[in-house]
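# Notes for the structure review
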Amino acid sequence: MATKSMVSIIMLASVLSIIVVNAAPIANVITVGDEKGWALGFDYQAWVQNKQFHVGDTLVFNYPKGAHNVIMVNGPEFQNCVKNPNLGILESGQDKIVLEAAGNMWFLCGVGEHCENGQKLKITVTENALPFPIPFPPAPSPAPQAAPAA
Ligand SMILES: [Cu+2]
(Lines give C-alpha, C1' and ligand atoms only; values in the text may rest on other atoms or scores of the structure.)
Protein backbone atom coordinates (compact mmCIF):
# COMPACT_ATOMS: atom_id res chain seq x y z
CA MET A 1 0.00 0.00 0.00
CA ALA A 2 2.68 2.47 1.04
CA THR A 3 4.67 1.68 -2.08
CA LYS A 4 1.63 2.20 -4.28
CA SER A 5 0.82 5.63 -2.86
CA MET A 6 4.50 6.63 -3.06
CA VAL A 7 4.45 5.73 -6.73
CA SER A 8 1.35 7.84 -7.35
CA ILE A 9 2.87 10.80 -5.50
CA ILE A 10 6.02 10.54 -7.59
CA MET A 11 3.96 10.29 -10.77
CA LEU A 12 1.89 13.30 -9.73
CA ALA A 13 5.02 15.26 -8.94
CA SER A 14 6.58 14.50 -12.31
CA VAL A 15 3.41 15.43 -14.15
CA LEU A 16 3.25 18.70 -12.20
CA SER A 17 6.88 19.52 -12.88
CA ILE A 18 6.33 18.98 -16.61
CA ILE A 19 3.35 21.32 -16.47
CA VAL A 20 5.33 23.93 -14.54
CA VAL A 21 8.24 23.78 -16.99
CA ASN A 22 5.91 24.13 -19.96
CA ALA A 23 4.06 27.01 -18.35
CA ALA A 24 7.28 28.88 -17.54
CA PRO A 25 6.98 32.53 -18.58
CA ILE A 26 8.18 33.22 -22.10
CA ALA A 27 9.72 36.64 -22.58
CA ASN A 28 8.50 38.03 -25.87
CA VAL A 29 10.07 40.75 -27.96
CA ILE A 30 7.34 42.99 -29.32
CA THR A 31 8.10 45.42 -32.12
CA VAL A 32 5.87 48.45 -31.78
CA GLY A 33 3.95 48.99 -35.02
CA ASP A 34 5.36 45.72 -36.40
CA GLU A 35 7.02 46.43 -39.78
CA LYS A 36 5.75 50.02 -39.74
CA GLY A 37 7.77 50.68 -36.62
CA TRP A 38 7.43 53.92 -34.67
CA ALA A 39 6.09 56.35 -37.23
CA LEU A 40 3.55 58.98 -38.16
CA GLY A 41 0.29 57.91 -39.76
CA PHE A 42 -0.01 54.65 -37.85
CA ASP A 43 -2.90 53.82 -35.54
CA TYR A 44 -1.17 52.59 -32.37
CA GLN A 45 -4.47 52.51 -30.53
CA ALA A 46 -5.81 49.96 -33.00
CA TRP A 47 -2.49 48.08 -33.12
CA VAL A 48 -2.44 47.61 -29.36
CA GLN A 49 -5.94 46.10 -29.24
CA ASN A 50 -4.98 42.50 -29.90
CA LYS A 51 -1.60 42.62 -28.20
CA GLN A 52 -0.64 41.27 -24.79
CA PHE A 53 2.20 42.62 -22.73
CA HIS A 54 3.70 40.72 -19.82
CA VAL A 55 6.34 41.47 -17.25
CA GLY A 56 9.66 40.41 -18.77
CA ASP A 57 8.68 41.20 -22.37
CA THR A 58 10.75 43.68 -24.35
CA LEU A 59 9.27 46.50 -26.41
CA VAL A 60 11.24 47.65 -29.44
CA PHE A 61 10.71 51.03 -31.08
CA ASN A 62 12.24 51.16 -34.57
CA TYR A 63 12.56 54.45 -36.48
CA PRO A 64 15.16 56.45 -38.38
CA LYS A 65 17.35 58.01 -35.70
CA GLY A 66 16.61 61.69 -35.42
CA ALA A 67 13.19 61.46 -37.07
CA HIS A 68 11.42 60.49 -33.85
CA ASN A 69 12.08 59.68 -30.23
CA VAL A 70 10.35 57.81 -27.42
CA ILE A 71 9.39 59.65 -24.26
CA MET A 72 7.98 57.71 -21.33
CA VAL A 73 5.26 59.75 -19.66
CA ASN A 74 2.39 59.39 -17.21
CA GLY A 75 -1.31 59.17 -18.04
CA PRO A 76 -2.19 62.88 -17.96
CA GLU A 77 0.95 63.78 -19.92
CA PHE A 78 -0.03 61.15 -22.47
CA GLN A 79 -3.53 62.59 -22.80
CA ASN A 80 -2.19 66.09 -23.36
CA CYS A 81 1.01 65.26 -25.27
CA VAL A 82 3.19 66.81 -22.59
CA LYS A 83 6.74 66.02 -23.71
CA ASN A 84 8.18 65.68 -20.23
CA PRO A 85 11.36 63.57 -20.36
CA ASN A 86 11.59 63.05 -16.59
CA LEU A 87 10.57 59.39 -16.81
CA GLY A 88 12.97 58.74 -19.65
CA ILE A 89 13.65 59.58 -23.24
CA LEU A 90 15.10 57.22 -25.83
CA GLU A 91 16.43 58.33 -29.20
CA SER A 92 18.68 55.61 -30.61
CA GLY A 93 16.26 54.63 -33.39
CA GLN A 94 16.22 51.07 -32.06
CA ASP A 95 15.04 51.58 -28.53
CA LYS A 96 14.45 48.57 -26.32
CA ILE A 97 12.42 48.73 -23.14
CA VAL A 98 12.09 45.74 -20.81
CA LEU A 99 8.68 45.70 -19.13
CA GLU A 100 9.57 45.37 -15.48
CA ALA A 101 6.28 45.83 -13.68
CA ALA A 102 2.58 45.27 -14.17
CA GLY A 103 0.47 48.33 -14.86
CA ASN A 104 -0.02 50.95 -17.54
CA MET A 105 2.82 52.48 -19.50
CA TRP A 106 2.58 55.46 -21.79
CA PHE A 107 4.92 56.46 -24.61
CA LEU A 108 4.86 59.36 -27.01
CA CYS A 109 7.03 60.93 -29.67
CA GLY A 110 8.42 64.28 -28.61
CA VAL A 111 9.34 65.50 -32.08
CA GLY A 112 7.28 68.37 -33.49
CA GLU A 113 3.56 67.70 -33.39
CA HIS A 114 3.94 63.95 -33.81
CA CYS A 115 2.18 63.10 -30.56
CA GLU A 116 -0.69 65.42 -31.41
CA ASN A 117 -0.93 63.56 -34.71
CA GLY A 118 -1.29 60.21 -33.01
CA GLN A 119 2.27 58.97 -32.46
CA LYS A 120 1.59 57.78 -28.95
CA LEU A 121 1.18 54.37 -27.37
CA LYS A 122 -0.46 53.20 -24.16
CA ILE A 123 0.06 49.62 -23.04
CA THR A 124 -1.12 47.57 -20.10
CA VAL A 125 1.46 45.17 -18.71
CA THR A 126 0.20 42.14 -16.81
CA GLU A 127 1.93 39.70 -14.49
CA ASN A 128 3.19 36.57 -16.13
CA ALA A 129 0.78 34.35 -14.22
CA LEU A 130 0.53 30.62 -14.65
CA PRO A 131 -2.65 29.57 -16.43
CA PHE A 132 -3.96 27.81 -13.31
CA PRO A 133 -2.87 27.51 -9.68
CA ILE A 134 -0.35 24.77 -9.03
CA PRO A 135 -0.76 23.06 -5.63
CA PHE A 136 2.64 23.20 -4.04
CA PRO A 137 3.67 20.98 -2.41
CA PRO A 138 1.33 18.54 -4.15
CA ALA A 139 -1.31 17.32 -1.76
CA PRO A 140 -0.77 13.59 -1.21
CA SER A 141 -3.75 11.47 -2.01
CA PRO A 142 -5.23 9.87 1.12
CA ALA A 143 -3.73 6.50 1.86
CA PRO A 144 -6.24 3.77 1.12
CA GLN A 145 -7.80 2.38 4.24
CA ALA A 146 -7.08 -1.23 5.02
CA ALA A 147 -10.27 -3.22 4.84
CA PRO A 148 -11.37 -4.10 8.38
CA ALA A 149 -10.72 -7.71 9.21
CA ALA A 150 -13.97 -9.64 8.99
CU1 LIG B 1 7.77 61.21 -34.14
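Our subject is the structure listed above.
To keep things clear, this report deals only with the structure shown in the data block.

What counts, and where the lines are drawn
- Residues numbered from 1 in each chain as written.
- Predicted model: local features only at pLDDT ≥ 70, side-chain atom pairs only at ≥ 80, totals over all residues.
- Helix = DSSP H or I, 4+ residues; strand = E, 2+ residues; numbered from the N terminus.
- Buried ≥ 20, exposed ≤ 12 C-beta atoms within 10 Å, placed from the backbone.
- Contact = placed C-beta atoms within 7 Å.
- Pairing = 2+ DSSP bridges.
- Axes fitted to C-alpha atoms, helices over the stretch in contact; angles between N-to-C directions.
- Core = buried A, V, L, I, M, F, W, Y, C linked by C-beta atoms within 7 Å.

Before going further, it helps to spend a moment on the overall build of the chain. Assigned secondary structure in the chain consists of three helices and eight strands. Put simply, the chain runs from its N terminus to its C terminus through helices and strands in the order α-β-α-β-β-β-α-β-β-β-β. Classification of the 150 residues of the chain by burial places 16% in the buried group. A separation threshold of at least 6 residues defines the contact pool for the chain, and within that pool the share at least 24 residues apart is 75%.

The strand order across the open sheet built from three strands is β1-β3-β6, with neighbouring strands paired in mixed fashion. Each having just a single partner strand, β1 (29–31) and β6 (94–98) make up the two edges of the open sheet. Each neighbouring strand pair of the sheet contributes to a mean axis angle of 20°, computed without reference to strand direction. Taken together, the three bridges between β1 and strand β3 (residues 58–62) define a ladder with parallel strand orientation. For Thr-31, the partnering residue across the bridge sits in β3 and is Val-60.

Our focus in this paragraph is the nonpolar core. In this structure, Trp-38, Phe-61, Val-70, Phe-107 and Leu-108 are the most contacted members of the largest nonpolar core, which totals 18 residues. Elements represented by at least two residues in this core include exactly β3, β4 (70–73), β7 (103–108) and β8 (120–126). Not counting residues up to four positions away in its chain, the partners in contact with Phe-61 are Val-32, Trp-38, Val-70, Leu-90 and Asp-95.

With that settled, the discussion passes to the sheet that holds strand β5 (residues 89–90). Read from one edge of the open sheet, five strands run β2-β8-β7-β4-β5, paired in mixed fashion. Each having just a single partner strand, β2 (53–54) and β5 make up the two edges of the open sheet. As paired elements, β2 and β8 share two bridges and run parallel to each other. Each residue of the ladder has a partner; that of Phe-53, found in β8, is Val-125.

Mapping Asn-80 onto the fold places it in helix α3 (residues 75–80). The exposure class assigned to Asn-80 is exposed, which follows from the 12 C-beta atoms found within 10 Å. Sequence-wise, Asn-80 and Glu-116 are 36 residues apart; in three dimensions their C-alpha atoms are separated by 8.2 Å.

In this section: unusual backbone geometry. The phi dihedral of Asp-34 falls on the positive side, at around 50°, and the residue is not glycine. Within the element layout of this structure, Asp-34 appears in the loop between β1 and α2 (44–49). On the basis of neighbour count, Asp-34 is assigned to the exposed category, with 11 C-beta atoms found within 10 Å. In this model, Cys-81 sits at a positive phi of 55°, which is unusual for a non-glycine residue.

Geometric descriptors of this kind do not, in isolation, establish any biological role.
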